[in-house]
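A structural walkthrough
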Amino acid sequence: MRQLLRAVIFGILGYLVGAVLTWLVRGGSLGDEVCVVFGYVVGLVGWLFGIGMGDTWVREWFGLPARESEVTGWKRYLGFSTNHKVIGIQYLATFIVVLLLGGVAAMIIRLELAQAGEGILNADRYNQIMSMHGILMVAVAVAAILGSFGNYLVPIMIGADDMAFPRLNAVTFWLIPPVAIGLLAAPALGSFDAGWTAYPPLSVVNNGGQILFVLAVTTFGLSSILGGLNVITTIVTMRAPGMTWGRLPIFVWAAFAASMISLLTTQFFAASLVLIAMDRVAGTVFFDGAAGGDPLLYQHLFWFYSHPAVYVMVLPGFGVVLETITHMSRKPLFAYKAVVVSLLTIAGLSVIVWAHHMFTSGMAEYLHGPFMFATEMISVPTGVIFLSAVATLWRGRLWMKTPLFFAMIWIFQFLMGGVTGIFLADVVTDVSLHDSYFVVAHFHYTIMGGMIFAFLTGIFFWFPKITGRMINDRLGIIFAVWLTIGFQLTFLPQFWLGTNGMNRRIADYPEQLEGANLFSSISAYFLGGSFLLLVYILLSAARRGPRAGDNPWNASTLEWQVSSPPPEHNFSGQPTVLGHPYGYGTAGSRHAEFAGVTTGGPTPPEPTGAGEGGDNE
Amino acid sequence: MDQNRRNDWIWFGSLWTAFSAVGFYLVLGIDLLPAQWAHEAEVVDDAYILLMGLSIPIFAGVAAALLTSLLRFRVQVDGTPTEDGPPVHTNRNFVRLWVASTLMLALMITVNPGFIGIAELRGEPSADIVVEVQSQRWSWKVNYENGAETFNQLYLPADRRVRFDITSLDLVHSFWIPAFRVKIDAVPGRVTHLYVTPEGVGSFEDDFNLRVQCAEICGLGHAQMAMPVTVLAPADFDAWVSDLAEGA
């Protein structure tokens with residue numbers, strides 16, 4: 001608490017120092033965007049210094065011993081903790097809140113769109129709320145799984161006691177609050193209204209809130225790069241003895257592939273945003289067509305990150321879902337090696353498909369064919385993921401608890417998103433569908449269906465591990481069914497709206513489209529209501545759910561072999577990995593043993609068939 | 001293969017057939033697409049329907065496998081599960097077959113409707129008339145070859161190939177005519193082109209999708225940045241455009 005208070009004070013002081021110095025040097029007004037930029041940068045440094053970097057790194061730079069925080073109990077979650085499990089929970093709680101905030105914005109959007117004409121919002125306010133919904137949800141999609149489960153589970157799953165860079169990990173999380181403050185403070189400068197894509201010239205000439213968007217999202221990108229670096233280093237260097245690359249749980253592989261993308265591509269987004277900031281405050285003309293700049297330059301840079309970002313969102317989702325399916329259908333993951341190759345192939349292909357977002361942008365036409373071809377190729381490795389998920393279920397022993405229920409719904413949702421994506425990858429149909437509601441429906445199926453549903457799968461699967469308590473399974477399944485039905489009723493009509501002449505990002509539309517819009521809006525409220533049930537399920541389970549025990553799913557991977565929640569340093573004895581993580585059905589198969597501990601493995605169940613040893617794929 | 005395993009596949013096959021049949025009925029039986037007012041609309045809609053037709057069996061197959069699994073492989077568990085499934089780690093030939101078929105399918109749609117569709121949609125870069133469109137927040141100005149000019153009104157001749165030369169004075173806008181199924185962005189600093197051959201005579205009053213709609217967010221008036229399109233018979237168009245030029 002003390003750290004947090006200090007961070008807020010130093011942040012505000014830093015902002016004032018930066019802004020006032022800039023004002024003294026150049027005159028003008030304190031509210032000018034240049035002053036905001038320098039204020040923000042110095043404020044960010046002050047914030048990080050105050051929250052804990054001053055106590056640790058900075059003291060060591062000057063030869064003083066670091067002051068580690070000794071706070072215990074719930075207050076740890078409000079301070080600079082270097083424990084990966086604390087940070088995982090900080091991410092989890094933060095992004096559930098951001099998800100709900102973005103959901104409120106969605107409800108306002110659908111209320112406005114329930115009827116043609118101007119309703120509760122004018123067009124300006126609509127564009128601002130829509131942009132806020134977009135960027136909040138993109139932030140959730142990028143960081144919710146990787147930040148929470150990536151931090152909490154990757155070290156335990158590979159048998160490590162923490163991440164490779166614990167302090168960097170804390171900084172990665174504490175970069176998030178300035179992002180939230182920046183975005184939520186934007187209305188003070190007139191908000192931003194250019195969508196989450198922030199295409200110039202609009203994003204150069206609109207209200208001053210856009211500069212806060214640029215600063216906040218660049219900060220978020222920094223957090224994403226540092227997080228990716230940490231996950232990769234952890235997986236490369238911190239694996240327990242015997243944890244070979246071929247024995248990594250599939251979620252770890254998915255986190256690895258996604259982190260590669262965030263580490264290597266996020267800076268392109270940051271660069272494009274910095275160029276926008278310079279066009280706004282420094283008088284450059286990178287994106288000014290009349291002065292020799294080019295608006296398309298931004299779109300290339302932006303999508304060079306933002307298409308791969310889609311895979312930063314869904315690859316960890318693949319990992320969560322495959323992990324859940326293999327444990328809860330009690331079968332080895334089908335075609336483990338092929339899945340690993342596919343995850344890495346998707347990460348590789350993701351950086352050569354970006355211009356499929358630009359088929360109608362006016363870029364050179366000879367580029368259309370190659371980008372269409374590369375995009376269609378992504379369906380091959382993605383198809384292997386589907387094969388693995390379905391073939392693992394096939395003839396398994398399906399334990400239809402909420403997590404598996406969600407995982408199976410995920411397959412359906414993401415398939416819908418994938419199949420409709422082909423219509424947008426194909427140049428001919430995209431020329432008609434681009435920037436229409438077809439796109440809106442499509443990316444809600446991929447991102448909400450592919451990422452949020454996987455996030456929920458993970459929440460229900462690992463809730464017992466993280467809190468030590470079970471959720472109410474009956475309510476969980478009611479929630480899954482409610483959410484899924486609401487989702488279809490909301491977004492299926494939007495495909496029709498898109499093919500029938502409704503473009504995206506509009507507060508008003510031709511009255512001929514009113515029926516389907518009203519239907520979609522009513523369904524959206526039905527969908528939104530289900531999240532109240534989710535909040536109830538999670539809060540009531542956290543407070544009075546029955547005790548979970550160490551291994552309620554009788555699962556094989558390392559996180560289930562320790563207590564719930566795991567001890568401070570994860571393992572009481574050094575784990576040694578002996579075999580494949582998913583040895584289901586093979587008599588005597590064990591994933592790991594612990595030095596000095598005789599028990600701890602899953603109860604070896606009765607094998608139902610003779611099988612080869614666990615390590616052959 | 002024992003009876004039980006054969007029954008799994010029978011369930012899967014029946015569900016797949018049933019789902020595919022329902023899917024095809026919905027796609028082919030219900031008219032999901034709006035009226036076509038241009039040759040290009042036919043090309044786009046044909047591609048759309050071909051992709052739908054290919055998607056349905058894939059979608060139905062996965063849905064059938066999911067439902068079969070849910071119905072036939074679920075187990076009742078008291079406490080923690082005690083029985084494992086068969087230790088099948090992979091089936092190399094099946095994976096190879098799967099990858100080969102998805103690759104074939106991806107290549108197939110890249111060729112048609114991909115490359116073939118692009119060639120059909122673009123056609124030759126030749127046009128019967130050229131229409132210049134200038135966009136600016138939040139309106140459209142249209143110039144015809146003989147000097148005639150309209151503001152927020154677009155008139156076109158039926159059955160003639162039109163080339164649009166599109167520019168923007170301020171922001172990125174997008175020139176979209178839903179009834180023609182085509183769009184191209186209007187980008188400051190460059191001229192973008194769009195070819196279209198309108199078919200049939202009609203106006204915005206007949207079909208609200210006969211309109212130019214801005215499809216790229218451009219601030220306050222973005223939703224209202226639309227102009228009605230009127231397609232005239234060629235002779236009527238010639239008369240209209242020369243009257244307008246003389247009056248100007």
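A quick note: this is a predicted structure, and the numbers were derived from the prediction, not measured. (Residues numbered from 1 in each chain as written. Chains lettered and ligands numbered in written order. Predicted model: local features only at pLDDT ≥ 70, side-chain atom pairs only at ≥ 80, totals over all residues.)

In terms of regular secondary structure, chain B is built from four helices and 10 strands. For chain B, the N- to C-terminal ordering of α and β elements is α-α-α-β-β-β-β-β-β-β-β-β-β-α. Taken over C-alpha atoms, the radius of gyration comes to 26 Å for chain B, far larger than the 18 Å a tight globule of 248 residues would show. Viewed in the frame of its principal axes, chain B has a C-alpha envelope of about 90 × 35 × 35 Å. Across the 248 residues of chain B, 36% fall into the buried class. Long-range contacts, defined here as pairs at least 24 residues apart, represent 73% of the contacts in chain B between residues at least 6 apart. (Helix = DSSP H or I, 4+ residues; strand = E, 2+ residues; numbered from the N terminus. Rg over C-alpha atoms; globule rule 2.2 N^0.38 Å. Buried ≥ 20, exposed ≤ 12 C-beta atoms within 10 Å, placed from the backbone. Contact = placed C-beta atoms within 7 Å.)

Moving on, we come to the pairing of strand β7 (residues 182-186) of chain B. All names here are of chain B. Most of β7 is tucked away, with five of its five residues classed as buried. Across five bridges, the pairing between strand β6 (residues 173-177) and β7 is antiparallel. The residue bridging W176 from the neighbouring strand is K183, located in β7. Between β6 and β7, which pair antiparallel and follow one another directly, the connecting turn spans four residues, one of which, R181, has a positive phi of 65°. (Pairing = 2+ DSSP bridges.)

This brings us to the sheet that holds strand β8 (residues 192-196) of chain B. Residues and elements named next belong to chain B. With mixed pairing, five strands are arranged side by side in an open sheet as β3-β2-β1-β5-β8. Edge positions in the sheet fall to β3 (149-151) and β8, since each of these pairs with one other strand and no more. When strand polarity is set aside, the average angle formed by the axes of neighbouring strands in this sheet is 20°. In the sheet, strand β1 (residues 129-136) pairs with strand β2 (residues 139-143) via five bridges, with the strands oriented antiparallel. Pairing of Q136 across the sheet is with S139, part of β2. (Axes fitted to C-alpha atoms, helices over the stretch in contact; angles between N-to-C directions.)

Once that is clear, we can look at the interface of chain B and chain A. The interface is formed by 76 residues belonging to chain B together with 87 residues belonging to chain A. Among the secondary structure elements, those contributing two or more residues to the side of chain B that touches chain A are α2 (39-72), α3 (92-122), β6 and β7 of chain B. Class assignment of the residues belonging to the side of chain B that touches chain A gives a composition of 46 nonpolar, 20 polar and 10 charged. (Nonpolar A, V, L, I, M, F, W, Y, C, P; charged D, E, K, R; others polar.)

For the rest of this paragraph, the subject is the pairing of strand β9 (residues 211-214) of chain B. Residues and elements named next belong to chain B. The sheet contact formed by β6 and β9 spans two bridges and is antiparallel. In the strand pairing of β9, W176 is matched with Q213. Here β9 runs beside strand β10 (residues 226-232); their pairing, made up of three bridges, is antiparallel. Bridge pairing in β10 links Q213 to A226.

The strands that make up a sheet pair up through hydrogen bonds in the backbone, lying either parallel or antiparallel. Residues and elements named next belong to chain B. Read across the sheet, five strands follow the order β4-β10-β9-β6-β7 without closing on themselves; strand pairing throughout is mixed. The open sheet has two free edges, formed respectively by β4 (154-157) and β7, since each of these has just one partner strand. Ignoring which end each strand starts from, the neighbouring axes of this sheet average 25° apart. Bridge count for β4 against β10 is four bridges, and the pairing is parallel. Residue pairing for β10: L156 is matched across the bridge by V231. Lying over the sheet, helix α4 (residues 234-247) contacts β4 and β10, oriented at roughly 135° with respect to β4.

Turning to the domain arrangement of chain B, a few remarks are in order. All names here are of chain B. For chain B, the assigned domains read domain 1 (3-72 + 94-122) and domain 2 (129-247). Contacts between domain 1 and domain 2 engage 10 residues on the former and 16 residues on the latter. Ranked by the residues each element gives to the side of domain 1 that touches domain 2, the list is headed by α2, at five residues. Class assignment for the residues of the side of domain 1 that touches domain 2 results in six nonpolar, one polar and three charged. (Domains from an automatic or database assignment.)

Bringing the domain arrangement of chain A into the picture now. Residues and elements named next belong to chain A. Taken domain by domain, chain A holds domain 1 (1-80) and domain 2 (81-544). Inter-centroid distance (C-alpha atoms) of domain 1 to domain 2 is 30 Å. Every contact between the two is made by 18 residues of domain 1 and, on the other side, 17 residues of domain 2. Taken together, the residues of the side of domain 1 that touches domain 2 sort by class into 12 nonpolar, four polar and two charged.

The next subject is the environment of A105 of chain A. Residue and element names in this part refer to chain A. Within the secondary structure, A105 sits in helix α3 (residues 84-113). According to the C-beta neighbour criterion, A105 is partly exposed, with 19 such atoms within 10 Å. In sequence terms A105 and Y126 are 21 residues apart; their C-alpha atoms lie 9.9 Å from each other. Excluding anything up to four places from it in sequence, A105 contacts I129, M132, H133 and L136.

Moving on to helix α18 (residues 514-544) of chain A. With 31 residues, α18 of chain A ought to run about 45 Å at 1.5 Å a step, and its terminal C-alpha atoms sit 46 Å apart, in line with that. Of the surrounding elements, those touching the buried residues of α18 of chain A are α3, α16 (437-467) and α17 (473-499) of chain A. (Expected span 1.5 Å × (residues − 1).)

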